[in-house]
Amino acid sequence: AVVVRHDLWEAAREELSALRRRLQGRYRLHPDVEIHAKQFLGGDVRHRGLEIRARFQCTHHILRFLMQSRSLIFVRQAVLKEGATGAQGLAAAWQGLGRQMVGQVESTRFACGGRGWVLVTDHHGDQPYRDPALNHFLEATGQPLLEHPFGRRSHDSEFLQIADLLAFLTKQPLEPNHHF
C-alpha cells in the first residue's frame, strides 16, 4: 500500500510526474506505459519497447524514489497462505498494514498536522478486513485515513500502479516469478 499525507497530495503527484520524466529520460520508459507489475515485470523479452533489464532498472529506480520520498509512505505486508486461509489471511494482512502505517506516521519524518492521510491499495473487496485497520489507525494517531477512490483503473492512477508494483515485489520471496 502507499499512504500519502492529505496536505501533500499535490506534491506527491508532482513527485510521481517527475519520477516518470526521469524514467523516460534515463530508460526510455514512455510516460503512458503502465507500471503494472505483472505485465511490466513479466516474462516478455520486450514489453512496450523495453527489454527486461531496462524494466528491472526502472523498478530499482522506483524503489529508491519511494525510500527517499518526502510525501509518500509505502507499507508492505505478506501473509503465508499455508498459515492463514481466506478471511484469516486478509485480516492478518490488514492488521499488519495498520500497525506499519501507524508506526510510519508516528515517526518524525511523516508527522502530520491532523488533516489526515490517503491510503492507496489495489485491494477492492477487503472492506470487512480493512475497516478494523483503518479504525486502529484513527484511534492510534487521531488522524483520519481516507481511501483513494476505488473503481479506478490502474492506468488512471500512478499511485495505484506503484501500489501494485509494491504488492508484486512483496510477494516474490513467497511465490517467486521465475525472473527473480
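The following refers to the structure shown.

**Quick notes on the pairing of strand β5 (residues 117–120)**
- Side chains W117 and L119 project from β5 onto one buried face, and the interleaved V118 and V120 project onto a second face that is buried too.
- Sheet topology places strand β1 (residues 2–5) next to β5; four bridges connect them, and they run antiparallel. If you follow V4 over to β5, its bridge partner there is V118.

**Some details on unusual backbone geometry**
- Even without glycine at this site, R28 takes up a positive phi of about 65°.
- Mapping R28 onto the fold places it in the loop between α1 (9–27) and α2 (37–40).

**Focus on the packing of helix α3 (residues 52–68) against helix α6 (residues 158–171)**
- The N-to-C vectors of α3 and α6 enclose an angle of 105°; their axes lie 12 Å apart at closest approach. The angle between α3 and α6 places the two elements in the roughly perpendicular class. The segment α3 lies against α6, with T59, I62, L63 and L66 engaging I162, L165, L166 and L169.
- Here the residues of the contact of α3 with α6 are counted per class, giving seven nonpolar, one polar and no charged.

**A word on the pattern of salt bridges**
- In this structure the tally under the stated criterion is four salt bridges.
- When the shortest N-O distance is used, the salt bridge between R13 and E10 registers 3.5 Å. In this pair, R13 and E10 are both assigned in helix α1, three residues apart and thus about one turn of the helix distant.
- The class for E10 is exposed, based on a relative accessible area of 53%.
- The residue E14 makes a salt bridge to R21 at a minimum N-O spacing of 2.9 Å.
- A residue is classified by how much of its surface remains accessible, and E14, at 43% relative accessible area, is partly exposed.

**Details of α3**
- The end-to-end C-alpha distance of α3, which contains 17 residues, comes to 25 Å, matching closely the 24 Å that a straight helix rising 1.5 Å per residue would cover.
- Among all positions in α3, only A54, R55, C58, T59, H61, I62, F65 and L66 are buried. The buried residues of α3 occupy one face: seen down the axis, they fall within an arc of 160°. Among the exposed residues of α3, those oriented more than 90 degrees off its buried face are R53, M67 and Q68.
- Lining the buried residues of α3 we find α1, α2, β2 (46–47), β3 (50–51), β4 (72–74) and α6.

Each value, and the rule that gives it
- Residues numbered from 1 in each chain as written.
- Predicted model: local features only at pLDDT ≥ 70, side-chain atom pairs only at ≥ 80, totals over all residues.
- Heavy atoms only, no water.
- Buried < 20%, exposed > 50% of the residue type's maximum accessible area, 1.4 Å probe, protein only.
- Helix = DSSP H or I, 4+ residues; strand = E, 2+ residues; numbered from the N terminus.
- Pairing = 2+ DSSP bridges.
- Axes fitted to C-alpha atoms, helices over the stretch in contact; angles between N-to-C directions.
- Parallel < 35°, antiparallel > 145°, perpendicular 65-115°, else oblique.
- Contact = heavy atoms within 4.5 Å.
- Nonpolar A, V, L, I, M, F, W, Y, C, P; charged D, E, K, R; others polar.
- Salt bridge = Lys/Arg side-chain N within 4 Å of Asp/Glu carboxyl O.
- Expected span 1.5 Å × (residues − 1).
- Arc of directions from axis to C-beta.

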